[in-house]
Structures are given as structure tokens and as C-alpha cells.
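If you want the building blocks of each chain, they are given just below.
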Amino acid sequence: MRKLLFFTNNNNKLVEVNQLFKDLKTELILPSKFNFFDEPEETGYTFAENAKIKSSFGYKNFGVECFAEDSGICIEALGWKPGVYSKRFLNRFKDNFRCFENIIDRVKVTGKVRAYFQTSVCLTLNKNYHLVFEGKVKGTISKKIRGKSGFGYDPIFIPDGELKTFSQMSKMQKNKTSHRSIAINKLINFLSN
Ligand code: IMP
């Protein structure tokens, strides 16, 4: 069976990715299984750059084929930010609730409701061979914080064509439309061929 390192310490991402990988004859290895919790600094200006920094770091430390992903939300009312700074933006607030209230206020003031989530997955097959797979889902910021499941900005994002936020959906429902599932399914398609 093919062994592939998924370089992440984010359990929420892992749960979503595991569900997509379940029918593939590939064993996903995690850095945490080896008590490895080091992470490189995410100095990139794009999701793809950061994904490559992480997958290269994983490959360098474990010497096996490795993929990593970087993702975030881009919000029209914030000038299409925070993008690659999504995690850092959330951490600027005392809690997620305050961050969401701030975003919803900005949407009300500007009247700009659009947003999208993006994921870049980078697969590092050797030191000089990297492949990037992209996923994007467009939608709107909800008027209220809704739902309990998921993580990050899920409680305020409604994908186009849906009435629920990502947080109100089951993992399986989110995986049908999400940015992460689009990118990961491209990776799976590559690995299967
Ligand atoms: P990173 O990719 O680990 O740098 O983190 C990106 C940040 O973007 C996360 O900490 C979340 O706040 C946010 N994010 C990424 N993907 C999702 C998602 O699927 N739902 C909600 N928030 C997300």
C-alpha cells in the first residue's frame, strides 16, 4: 500500500481529508504519530506558496512523499482579505464569536456580502518535484452566526446554492461542496491514475 505523509496538525482538516481518502488504497501518515509537532513559518503570499512550504518541510523531515494544504477565506467587505492570513486574523480577536460579529458588521456597513474559501494542496514527490491542486468555493457571509459543527469561519459562510452555513452541515455535506474537497479530490484523482 502506498504511504503518504499528510503534513498537518489540524485535526479538523484531517477529519475532512480522511473521509475523502477512505476508498483509496493509500495509508495516510501523520507527523503527530511520531510526536513531531514542528511547523515551518508560513511566509508565503499565496495559499500555494504556503502549501509548498509545508509539504517540502514534511518531505525534508520524513523522506517520504508528502502533501500539505493551506486554506483560508477571502471576504469582499474586508477588501477580499484575510486570505492567507485567515488564522492570524481570527487570533487577533478574543474569541471567534467577536471576530464573526466584526465581519458581519463590516458586511452590514458596506453592503458587500460575497466571500470565498480557497485551498491549495501541494504534493511533494521529491525535493524538486511539487504539484499543486486548487479548490475554491464561492458564497456569502451569513447575516447571523449559525451552526455548531466544523471549524474556523464555517459558522458565517453559506456556499452558493445552499441555505445553510458550513457549520450547519454534516461533515459529509460540507465535503460535497467545500474548497478542501475540490482540491483533495483533484489530488486523489492524480494518485489514482
Ligand atoms: P491554515 O491553512 O492552517 O494556515 O489555516 C487557515 C485558517 O483558515 C484556519 O485556521 C481557519 O480559520 C480558516 N479555514 C481554512 N479552511 C477552513 C474551512 O474549511 N472552514 C472554516 N475555516 C477555514
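Heads up: these notes are all about the structure in this document. Small disclaimer: the values here were computed from a predicted structure and weren't measured.

What counts, and at which threshold
- Residues numbered from 1 in each chain as written.
- Predicted model: local features only at pLDDT ≥ 70, side-chain atom pairs only at ≥ 80, totals over all residues.
- Heavy atoms only, no water.
- Core = buried A, V, L, I, M, F, W, Y, C linked by side-chain atoms within 4.5 Å.
- Buried < 20%, exposed > 50% of the residue type's maximum accessible area, 1.4 Å probe, protein only.
- Helix = DSSP H or I, 4+ residues; strand = E, 2+ residues; numbered from the N terminus.
- Contact = heavy atoms within 4.5 Å.
- 1 Å grid on protein atoms, 1.4 Å probe; cavity = no way out; pocket = protein on both sides within 12 Å on 5 of 7 lines; lining within 4 Å.
- Points joined across faces, edges and corners; volume = space filled by probe spheres on them.
- Nonpolar A, V, L, I, M, F, W, Y, C, P; charged D, E, K, R; others polar.
- Salt bridge = Lys/Arg side-chain N within 4 Å of Asp/Glu carboxyl O.
- Near = heavy atom within 4 Å.
- Polar contact = N/O pair within 3.5 Å; in protein donor to acceptor, adjacent residues only side chain to side chain.
- Areas by Shrake-Rupley, 256 points an atom, 1.4 Å probe, with all protein chains shown as cover.
- Sits in = over half its atoms within 2 Å of the grid points.

**Details of the nonpolar core**
Turning to step 1, where the next piece is worked out: Of all hydrophobic cores here, the largest spans 20 residues; its most connected members are Ile-75, Ile-103, Ile-141 and Tyr-153.
Turning to step 2, where the next piece is worked out: Secondary-structure elements contributing two or more residues to this core are β3 (66-75), α3 (86-91), α4 (96-110), β5 (114-126) and β6 (129-141).
Turning to step 3, where the next piece is worked out: Setting aside anything within four residues of it in sequence, one finds Ile-141 in contact with Ile-73, Ile-75, Ile-103, Ile-104, Val-107, Val-113, Ala-115 and Ile-156.
Turning to step 4, where the next piece is worked out: Counting residues in each nonpolar core, the second largest holds 19 residues, with Phe-6, Leu-30, Phe-67 and Leu-125 among its members.

**A short note on the layout of surface pockets**
Leftover empty space is mapped by rolling, across the atoms, a probe with the size of a water molecule.
Turning to step 1, where the next piece is worked out: Reported here for the largest pocket is a volume of approximately 590 Å³.
Turning to step 2, where the next piece is worked out: Along its surface, the largest pocket is lined by 30 residues, and Asn-10, Lys-13, Ser-71, Lys-87 and Phe-151 are the ones closest to its centre.
Turning to step 3, where the next piece is worked out: Counting only elements with at least two residues in the lining of the largest pocket, the list comes to α1 (11-21), β3, α3 and α6 (179-192).
Turning to step 4, where the next piece is worked out: In terms of residues, the lining of the largest pocket owes the most to one element, β3, which gives five residues.
Turning to step 5, where the next piece is worked out: Here the lining of the largest pocket is built from residues that sort into nine nonpolar, ten polar and eleven charged.

**With respect to the pattern of salt bridges**
Opposite charge on two side chains lets them pair, provided their charged atoms get close.
Turning to step 1, where the next piece is worked out: Considering all chains together, one arrives at twelve salt bridges under this definition.
Turning to step 2, where the next piece is worked out: Of the charged contacts, one joins Glu-27 and Lys-3 as a salt bridge, the two residues approaching to 4.0 Å between their closest N and O atoms. With Glu-27 in strand β2 (residues 26-29) and Lys-3 in strand β1 (residues 2-6), this residue pair connects regions lying 24 residues apart in the sequence.
Turning to step 3, where the next piece is worked out: Taking relative accessible area as the criterion, Lys-3 reaches 46% and is therefore assigned partly exposed.
Turning to step 4, where the next piece is worked out: The salt bridge involving Arg-114 is made with Asp-160; its shortest N-O contact spans 2.9 Å. Of this pair, Arg-114 sits in strand β5 while Asp-160 sits in the loop between β7 (157-159) and α5 (171-177), and the two are 46 residues apart along the sequence.
Turning to step 5, where the next piece is worked out: Here the salt bridges do not stand alone but share partners, grouping Lys-13, Glu-16, Glu-69, Asp-154, Lys-174 and Arg-180 into one network.

**Quick notes on the site of the ligand**
Turning to step 1, where the next piece is worked out: By nearness alone, 18 residues border the ligand, and Lys-13, Ser-71, Asp-154, Lys-174 and Arg-180 come closest of all.
Turning to step 2, where the next piece is worked out: Tyr-153 is positioned with one of its backbone polar atoms (N or O) 3.0 Å from a nitrogen atom of the ligand.
Turning to step 3, where the next piece is worked out: Protein contact buries 95% of the 490 Å² of open area that the ligand shows by itself.
Turning to step 4, where the next piece is worked out: In a pocket analysis with a 2 Å cut-off to the grid points, the ligand is assigned to the largest pocket.
Turning to step 5, where the next piece is worked out: Within the residue set of the shell around the ligand, elements represented by two or more residues are β3, α3 and α6.

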